[in-house]
Amino acid sequence: HCISSAASDVYKRQHFGVSTSYLSRYFKMKLQMTPLEYLQTIRLHKAYQYLMNTNKSISWISDMTGFGDVKSFERLFKNTYGMSPKKYRQQFTN
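What comes next concerns the included structure. (Residues numbered from 1 in each chain as written. Predicted model: local features only at pLDDT ≥ 70, side-chain atom pairs only at ≥ 80, totals over all residues. Heavy atoms only, no water.)

Comments concerning the packing of aromatic side chains
- In this structure the tally under the stated criterion is eleven aromatic pairs.
- Judged by centre distance (5.7 Å) and plane angle (15°), the rings of Y48 and Y81 are stacked. Here Y48, found in helix 3 (residues 35–53), pairs with Y81, found in helix 5 (residues 70–81); they are 33 residues apart in sequence, far enough to count as distant.
- Exposure remark for Y48: the relative accessible area of 28% places this residue in the partly exposed category.
- Taken together, a centroid distance of 5.1 Å and an interplanar angle of 50° make the contact between F67 and F73 tilted. (Phe/Tyr/Trp six-rings, centres within 6.5 Å; stacked < 30°, edge-to-face > 60°. Helix = DSSP H or I, 4+ residues; strand = E, 2+ residues; numbered from the N terminus. Buried < 20%, exposed > 50% of the residue type's maximum accessible area, 1.4 Å probe, protein only.)

In structure tokens, the structure reads:
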């Protein structure tokens, strides 16, 4: 709920001509993360769901969750979960 409220507030402020730097500070104040970190968190969460609940390829998951390329996705996933998406899937779906 807090995330939805903060995202809504950011949209309203952007719509009314508030600066990008102000929006970033406001977002961070409300959610304790930058807008990019928030977006990456949402993307990783969706990627995790695909990884655990489908047999789709890592490339497909990367594309469907908005990562620019597979390497970026794999790097962020590994930094967050401690292992590559492939290893994570192998370890937790068998």
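There is more to say after this.
Let's talk about the packing of helix 3 against helix 6 (residues 85–93)
- Two elements in contact, helix 3 and helix 6, have axes separated by 9 Å at closest approach and are oriented at 50°. What the angle tells us is that helix 3 and helix 6 run oblique. Judged by the twist between their axes, the crossing of helix 3 over helix 6 is right-handed. Contacts between helix 3 and helix 6 involve Y48, Y50, L51 and M52 on the former and, on the latter, P85, Y88, R89, F92 and T93. (Axes fitted to C-alpha atoms, helices over the stretch in contact; angles between N-to-C directions. Parallel < 35°, antiparallel > 145°, perpendicular 65-115°, else oblique. Left-handed = near helix turned anticlockwise from the far one by under 90°. Contact = heavy atoms within 4.5 Å.)

Looking at helix 3
- Taking 1.5 Å of rise per residue, the 19 residues of helix 3 would be expected to cover 27 Å, and the 27 Å separating its terminal C-alpha atoms lies within 8% of that figure.
- Taken residue by residue, helix 3 has Y38, L44, A47, Y50, L51 and M52 as its buried positions. (Expected span 1.5 Å × (residues − 1).)

Observations concerning the nonpolar core
- Membership of the largest hydrophobic core comes to 13 residues, with the highest contact counts inside it found for L44, L51, I61, F67, F73, F77 and Y88.
- Those elements that provide at least two residues to this core are helix 3, helix 4 (58–64) and helix 5.
- For this core, the element with the most residues is helix 3, which contributes five residues.
- The residues touching I61, leaving out its near neighbours within four places in the chain, are A47, Y50, L51, K56, F73 and R89. (Core = buried A, V, L, I, M, F, W, Y, C linked by side-chain atoms within 4.5 Å.)

A look at the side chain of S62
- Within the secondary structure layout, S62 lies in helix 4.
- Residue S62 is classed as buried on the basis of its relative accessible area, which comes to 0%.
- S62 has contacts with F67, D69, V70 and F73, leaving out every residue within four places of it along the chain.

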